[in-house]
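Single-letter residue listing:
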Amino acid sequence: MTLVLLPHPIPLEPTDDRSAAHDGAKIIPLKVRRHHCQDVTDIARACGCDQPMLKPGRTLRPKERATTGVPGLKQVASLTDPRVWNWVFRYTNPETGSRASISYGSSVEVTFMEAVARAQRDRETVRRGRNPAASKMTLNVLVETVVTPWAQENLRSWKDLVSRYVLYFAEPLGAMQISEISAFDVEQVLAELRKPGKSLRRKRLKAATINRAAMALRTIFRLAKQHGLIDHNPLDGWQQLRENPPPPMALTVEEVRRLLIRLQAESERFRLLIELLLETALRIGEALNARFSDVDVQRRLLNLRESKGGGNEIVPLTARALQIIERLRELSHNDLLFPAARGDGPMSAPRKVLKRVFADVGIDPSACFHTLRKSTASLAASSGVDVISISRLLRHRSIRTTERHYLATYHDHLHQAVNVVSDLIRAPEPERPIRGALPCPSVPCIEIPRELRLVAA
C-alpha cells in the first residue's frame, strides 16, 4: 500500500460504517480538535471585556538576584513597585532535606545590615542541623503547642504556669517571634509590672507575685531552648526582686483549745478534718486525696502519693491521728479518707465553713487551712523541737523556708526574752572600792607614831 501526500486536504464523503466493515476495511476514528470558547458573562460586559480570552494569562515570575558575600540571601523584585524588593533567604531544610525559604520583609521595612545579620544567623542554625523557620514561631504558639502539654504531664500546678503567662506576658510578648525576644524586652515588661495599677485588689503587685511570674516565663524559655528554638534564655541573668513577706501567723495554744470546743457544734467529718490537719501538719489537698490503702498502722505512717513536692512522701501519725483515720474508715464509702457526697472523687475544701468557725472563735479573718499547718510547726518550735526536725515534718527542701515562712514567734515568748534581759540589767552589782583608796593588805601593818615618822624623815 502506497501513501500519497496531497497538497490540499480532500473532503471525505460520509460513508456507512456497516458497509466499510462489510468490505473488511479498518476504521480509524479521527480526532477532531474543538476550540472551547469562553462565554462572555454580564460582569465581563460591564467591565468592558467583550472579547473572550481563549488563552490563560501567563504568570509572571519576579526577578531575583543574589546578595554578594551572603549565600542564600536573595533580593526578589516586587511586582507592584519596581523600586522595592523583598529579602528572601533560601536554604535546604536539614530535617527534611527539601528546599525552603524565609521572607524577611521588603527593603523599606528591613535594611541591608538587618537582612545580612538575619541571614547569617539562619545559616548558622542550618549548620547546626536545625530548621531556622521553627524559630519564627511566636510565643503564643509555643505556649499552646509545647508548653501546655508538657506542663499538664509533668506539673501538678500547671494551671498556675499557664495563667501567669496569660495574665502578665501574653499581651506584650505573645505575638513576637521567640528568637526576637531579648533580655531587654523581658526586663521592660517586668518593669511595667512594678508600676501602680497592675493589680485588681491592691495598688501595685507584690514583689513575690512578680518573681513567680518571672519564674514561669523562665520555664517557658527553658523549654524553647531545649527544643532548639533559641540559644540563650533571656531570663538567665535576671535577679529576683527582694521580697518582704509578712511574719507567719499561727494559732496559740489557747486559740487551738477554743477552736476544738467550737468544732463540737459542726459536722463530725469537718471536725475530724481539722483535728487531722493539726495532728499531722498536712496540706489541705494532701489530706483530701489521702487513701486508707496508704496508711501503715503497724509503723504509724501515711504514704502520700500526690504531694506538692512530687513523688511519694512519708508522714508520721500520732495515736490520735490513727483514731481519727479509723473513725473516717467507718464513715467513708470508698478508699478516700474524705470522699465526696457524689462520685468517686474527694470532697471539696470547706473554706466557707472554716471562715465562719474562725470568726466565731475570734481568730484573724486572714487565717486559712494553711494556718493550721503553720500552727503545728510553731507550737512544736515553742516546745523545744529543733528546726531540722520541724523542716522534715513539713517536708520542706530548705530549712530557710521553714524558718522564714512557718515558724511564728508568740508574744509571750518575746516578753519572756526581754524579761530575762531586764533581770540581768537590774541585778545588784558587788560594791567596788573607792577610787584612790589603798587596798586592804593581806597581813597586819604596824602603825608608826607621827613623832617617830618625823625623826625618820
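Refer to the preceding data block for the structure.
About the cut-offs
- Residues numbered from 1 in each chain as written.
- Predicted model: local features only at pLDDT ≥ 70, side-chain atom pairs only at ≥ 80, totals over all residues.
- Heavy atoms only, no water.
- Helix = DSSP H or I, 4+ residues; strand = E, 2+ residues; numbered from the N terminus.
- Buried < 20%, exposed > 50% of the residue type's maximum accessible area, 1.4 Å probe, protein only.
- Areas by Shrake-Rupley, 256 points an atom, 1.4 Å probe, with all protein chains shown as cover.
- Core = buried A, V, L, I, M, F, W, Y, C linked by side-chain atoms within 4.5 Å.
- Contact = heavy atoms within 4.5 Å.
- Expected span 1.5 Å × (residues − 1).
- Arc of directions from axis to C-beta.
- Pairing = 2+ DSSP bridges.
- Axes fitted to C-alpha atoms, helices over the stretch in contact; angles between N-to-C directions.
- Salt bridge = Lys/Arg side-chain N within 4 Å of Asp/Glu carboxyl O.
- Parallel < 35°, antiparallel > 145°, perpendicular 65-115°, else oblique.
- Left-handed = near helix turned anticlockwise from the far one by under 90°.
- Nonpolar A, V, L, I, M, F, W, Y, C, P; charged D, E, K, R; others polar.
- Phe/Tyr/Trp six-rings, centres within 6.5 Å; stacked < 30°, edge-to-face > 60°.
- Lys NZ or Arg CZ within 6 Å of the ring centre and 35° of its normal.

A.B. asks: Even after reading the chapter, I still don't get the overall build of the chain, so can you show me in this structure?
C.D. replies: Check the secondary structure of the chain and you find 18 helices and seven strands. When burial is assessed residue by residue, the chain has 32% of its 457 residues classed as buried. For the chain, the accessible area works out to roughly 32500 Å², and carbon and sulfur atoms hold 54% of it.

A.B. asks: Any chance you could explain the nonpolar core here in plain terms?
C.D. replies: When a protein is soluble and globular, its nonpolar side chains tend to lie buried together. Residues L259, I274 and L372 are the most contacted members of the largest nonpolar core, which totals 38 residues. Of all elements in the fold, only helix 9 (253–262), helix 10 (268–280), helix 11 (284–288), strand 6 (301–304), helix 12 (319–331), helix 13 (351–361) and helix 14 (369–382) reach the threshold of two or more residues within this core. Take this core: its biggest share by element is seven residues, from helix 10. Here L372 is in contact with L251, L259, I274, L277, L278 and F358, once residues within four sequence places are set aside. Within the second largest apolar cluster, 31 residues are counted, among which are F169, L229, I230 and W238.

A.B. asks: Explanation requested: helix 12 in the structure shown.
C.D. replies: Because each turn of an α-helix spans 3.6 residues, side chains separated by three or four positions in sequence point in the same direction. For helix 12, with 13 residues, the first-to-last C-alpha span of 19 Å sits near the 18 Å given by 1.5 Å per residue. Residues of helix 12 that are buried include every one of A321, L322, I324, I325 and L328, and no others. Along the axis of helix 12, the buried residues cluster in a sector spanning 160°; they form a single face. Along its buried surface, helix 12 packs onto helix 10 and strand 5 (295–296).

A.B. asks: In this structure, what is going on with the sheet that holds strand 4 (residues 99–106)? I would like to understand it.
C.D. replies: Strand pairing in a sheet relies on backbone hydrogen bonds. The paired strands run either parallel or antiparallel. Spatially, four strands are ordered 1-2-3-4 in an open sheet, and the strand pairing comes out antiparallel. The strands lining the two open edges of the sheet, one partner per strand, are strand 1 (64–66) and strand 4. Pairwise comparison of adjacent strand axes, ignoring direction, gives a mean angle of 30° for this sheet. Note that strand 3 (residues 85–92) and strand 4 share seven bridges and pair antiparallel. Within the sheet, the bridge partner assigned to V88 lies in strand 4 and is S103. Strands strand 2 (73–77), strand 3 and strand 4 of the sheet are contacted by helix 3 (residues 112–127), whose axis makes an angle of about 10° with strand 3.

A.B. asks: Quick question: what am I supposed to make of the sheet that holds strand 6 here?
C.D. replies: Reading across the sheet, the three strands line up as 5-6-7 and stay open at both edges, with antiparallel pairing between neighbours. Looking at strand neighbours, the two that pair on one side only are strand 5 and strand 7 (313–316), the edges of this open sheet. When strand 5 meets strand 6, the two strands line up antiparallel, connected through two bridges. In the sheet register, V295 faces strand 6, and the bridge partner there is L302.

A.B. asks: Hey, could you run me through the environment of V110 in this one?
C.D. replies: One can find V110 in the loop between strand 4 and helix 3. Residue class for V110 comes out buried when judged on its relative accessible area of 5%. In sequence terms V110 and W87 are 23 residues apart; their C-alpha atoms lie 8.0 Å from each other. If near-sequence neighbours (up to four positions away) are discounted, V110 is found in contact with W87, Y104, G105, A115 and R118.

A.B. asks: Help me understand the pairing of strand 3, please; the structure alone is not making it clear to me.
C.D. replies: A regular strand places its side chains on the two faces of the sheet in alternate fashion. Across five bridges, the pairing between strand 2 and strand 3 is antiparallel. Counted as the bridge partner of L73 is F89 from strand 3. Turn length for the strand 3-strand 4 hairpin, with the two strands adjacent in sequence and antiparallel, is six residues, and the turn residue G97 shows positive phi of about 80°.

A.B. asks: What is the right way to read the pattern of salt bridges from this model?
C.D. replies: Working definition: two side chains of opposite charge can pair if their charged atoms are close together. Applying the stated criterion across every chain, the model contains 20 salt bridges. A salt bridge links E266 to R262, with the shortest nitrogen-to-oxygen separation between them at 3.0 Å. As far as the burial class goes, E266 and R262 line up, both buried. A network of salt bridges, in which partner residues are shared, links E124, R127, R128 and D231.

A.B. asks: Would you mind showing me how to read helix 14 here?
C.D. replies: Its 14 residues place the ends of helix 14 21 Å apart at the C-alpha level, agreeing with the 20 Å of an ideal helix rising 1.5 Å per residue. With 10 of 14 residues buried, helix 14 lies mostly within the body of the structure. All of the buried residues along helix 14 are F369, T371, L372, R373, K374, S375, T376, A377, S378 and A380. Residues of helix 14 that are buried in the fold lie against helix 9, helix 10, helix 11, helix 13, helix 15 (387–394) and helix 16 (399–405).

A.B. asks: I tried to follow the packing of helix 10 against helix 12 on my own but got confused; where do I start?
C.D. replies: Where helix 10 contacts helix 12, the axes come no closer than 10 Å and their chain directions differ by 150°. Taken together, the axes of helix 10 and helix 12 are roughly antiparallel relative to one another. Here helix 10 and helix 12 pass one another in a crossing that is left-handed. Residues E268, R269, R271, L272, E275, L276, E279 and T280 of helix 10 form the contact with helix 12, whose own contacting residues are R320, A321, I324, R327, L328 and L331. Tallied by class, residues from the contact of helix 10 with helix 12 come to six nonpolar, one polar and seven charged.

A.B. asks: Sorry if this is basic, but what is going on with the packing of aromatic side chains here?
C.D. replies: Aromatic ring pairs are described here by two measures, namely the spacing of the ring centres and the angle between the planes. Per the counting criterion, the structure on display carries four aromatic pairs. The interplanar angle of 80° and the centroid separation of 6.1 Å between the aromatic rings of W85 and W87 together place this pair among those described as edge-to-face. Here W87 falls in the buried class, since its relative accessible area comes to 2%. The ring of W85 has R65 sitting right over it, with the charged end atom 5.8 Å from the ring centre.

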